[in-house]
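# Structure assessment
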Amino acid sequence: MNEDICIHAWPCSYYLDPEKRWVYGRLSLTPLAVRFTADKTGELLVHFHLSSICEIKKESSSFIFSSLTILEKENTKHWFSSLQPNRNVVFNILEHFWREQLLAHPGAGAPQTTKGKELTGLLSASQKRLEDTAKVLHYQGEQFGNIMSGLTKIDSDLDVADRLLTELESPPWWPFSGKVWKGPLEAKPKEAAMISGSKNQEGVIIRIPVIITHRTNSSVTPGKLTLLVTGLEISDSNSQVIHWFELKDIDDIKVHTPYEISVRQRFIGKPDTSYRLLSAKMPEAIPILEMQFSKKIQFLEDALGFVGARKSPQTDLGNSIWQAATGLVVSTEKPGSSSGGGNVSQLQLQKQEQIVSESETQELKQILRKLKSLALETDAELERQDEVLDVLTTSVDRATLNIDKHNRRMKKLT
């Protein structure tokens, strides 16, 4: 199932050593293995696990030009050539998934435990309450925005009233009564700057290694994707920022597979800014992106099956399908066996049994990550609304003073 997911496939040729000839076909990468299938016969000629790879190299010789070699632990060497779109793209993607496989420890899912169910249920309930709170807070922020717009309109109307009153107060013989002298505008607080001034202080939700493709370029670059409360940061392998997306700047996010997404910002009159990101850790980031960009994210055909599975009752708590899709489950340490003598009681043996299974640990980890994201977003929204309230208070006081002043001026005219 998750082993059969095709992350990427490239047309190429494979050197069939027993027959001393080249065979054209497709090299495909799955979460756990590399495969080569011949075009003519459809026969699976090569299939080996990522964990069995010792080395991936770019090579060439008098017989092979611009080739890619993969060396297995049994000293079996596989040669691939005529790689499309080019050798560097294939090398970077294969090396990325190979390294991520080496950093993780694949393990089989364990049956659920009573304690694990309780912990998952508690965290899921907390997540649901926090999501409801965030929705209410977001609605409250929208109301504050509407109030601010209304106050801005009132302020503009009061400026017009001030100019009209000045004309009425001018004596009829004054030649410039129709053209009120415009003195220097009173400096008004920069409300937008005050509101957005604290957005640089937000925390990081998750950071994952990615393979970056810019627009339709055939070249790829290793880098990092960082999800923050205020936006997305794409940086290279040296942590130099390639592009920063504010939340409001992103127009759509497309999920091509559980491992690949594209982020786009549209422009009028110039090319869109678009990045395609591929990562073995992407299944950990997609639930957070889905929560942040619920109205902008789109799941394409290859990812729709996983969306349906994630919404099933058994996997909804921790979105475990996205951990299953990685094929890379972080193993937890099991309690060691007792080093005491042979008088170990049955109760002590039971205490050494695993309390929470590995799959439940992954679900708990995913829920905790979402809780962290929600908490950071809620904290940022509260800070923003505090600043908006300060600006609203100042604007209301200023409008009240101007209205009182205009009322006194109108009374003098009557």
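Relevant structure appears above.
Here goes a summary of the coordinates provided. Because the structure is a prediction, the values reported are computed rather than measured. Residue numbers here run from 1 along each chain, matching the order of that chain's written sequence. Local features in a predicted model are, by the rule used here, given only for residues with pLDDT of at least 70; side-chain atom pairs are given and counted only at 80 or more, and totals for whole chains, interfaces and linings are based on all residues. Only hydrogens and water are removed before side-chain values are computed, so all heavy atoms of the structure are retained for them.

## A word on a negative patch on the surface
- Each patch is built from residues that are more than 30% exposed by relative accessible area and take part in no salt bridge. Like charges join if they lie within 9 Å; nonpolar side chains (Val, Leu, Ile, Met, Phe, Trp, Tyr) join within 5 Å. Each accessible area value is a Shrake-Rupley result obtained with a 1.4 Å probe; residue values ignore everything except the protein chains displayed when judging cover. What makes a salt bridge here is a side-chain nitrogen of Lys or Arg within 4 Å of a carboxyl oxygen of Asp or Glu, nothing more. Residues scored as charged are limited to Lys and Arg (positive) and Asp and Glu (negative), so that His and the chain ends carry no count. To locate a charge, the coordinates of NZ of Lys, CZ of Arg, CG of Asp or CD of Glu are taken. A contiguous patch of negative charge on the surface is contributed by Asp379, Glu383, Asp386 and Asp390.
- Of note, Asp390 is situated in helix α8 (residues 358-413).
- Only protein chains enter the accessibility calculation, which uses a 1.4 Å probe; a residue is then buried when its area is under 20% of its type maximum, exposed when over 50%, and partly exposed in between. Taking relative accessible area as the criterion, Asp390 reaches 48% and is therefore assigned partly exposed. Secondary structure follows DSSP: runs of H or I at least 4 residues long count as helices, runs of E at least 2 residues long count as strands, and numbering of each begins at the N terminus.

## A short note on the sheet that holds strand β11 (residues 241-246)
- Strand order in this open sheet of eight strands is β11-β10-β9-β8-β14-β13-β12-β15, and the pairing throughout is mixed. Single-partner strands in this sheet number two, and they are β11 and β15 (297-299). Neighbour to neighbour, the strand axes of the sheet diverge by 30° on average, direction disregarded.
- Relative to strand β9 (residues 221-228), strand β8 (residues 204-214) is paired through eight bridges, and the arrangement is antiparallel. Directly across from Ile206, in β9, lies its bridge partner Leu227.
- In the packing of helix α1 (residues 87-103) onto the sheet, the strands contacted are β8, β9 and β14 (273-278), and the crossing angle to β8 comes to about 155°.
- Note on contacts: a residue pair qualifies if any of its non-hydrogen atoms lie within 4.5 Å across the two residues. Only C-alpha atoms enter the line fits that serve as axes; for helices the fit covers just the stretch in contact. Angles between N-to-C directions range over 0 to 180 degrees. Taken strand by strand, helix α4 (residues 282-292) contacts β8, β9, β10 (231-236), β12 (252-257), β13 (260-265), β14 and β15, and its axis lies near 105° from that of β8. Criterion used throughout: strands pair if DSSP finds at least two bridges between them.

## Some points on α1
- Under the 1.5 Å per step criterion, the end-to-end length of α1 is 24 Å for 17 residues, consistent within 8% with the ideal 24 Å.
- Across the 17 residues that make up α1, a large majority, 12, are buried.
- Regarding α1, the residues found buried are Val89, Val90, Phe91, Asn92, Ile93, Leu94, Glu95, His96, Phe97, Trp98, Glu100 and Gln101.
- Taking the backbone nitrogen of Asn88 as reference, a side-chain oxygen 3.1 Å away marks Asn86 as the first, capping residue of α1. Take the residue count of a helix, subtract one, and multiply by 1.5 Å to get its expected span. Any pair of nitrogen or oxygen atoms within 3.5 Å is treated as a polar contact; in protein, a donor-acceptor pairing is required on top of that, and neighbouring residues in sequence qualify only through side-chain atoms on both sides.

## Brief notes about the sheet that holds strand β5 (residues 53-59)
- Across the sheet, which stays open at both edges, the seven strands sit in the order β4-β3-β2-β1-β7-β6-β5 with antiparallel pairing between neighbours. Each of the sheet's edge strands pairs with one partner strand only, and the pair in question is β4 (44-49) and β5. Across the sheet, the mean angle separating the axes of adjacent strands is 30° when strand polarity is ignored.
- As judged from the five bridges shared by strand β3 (residues 33-38) and β4, these two strands associate in the antiparallel manner. Bridge pairing in β4 links Val34 to Phe48.
- Packing against the sheet, α1 makes contact with β1 (8-16), β2 (21-29), β3, β4, β5 and β6 (67-72), and its axis sits at approximately 165° to β5.

Geometric descriptors of this kind do not, in isolation, establish any biological role.
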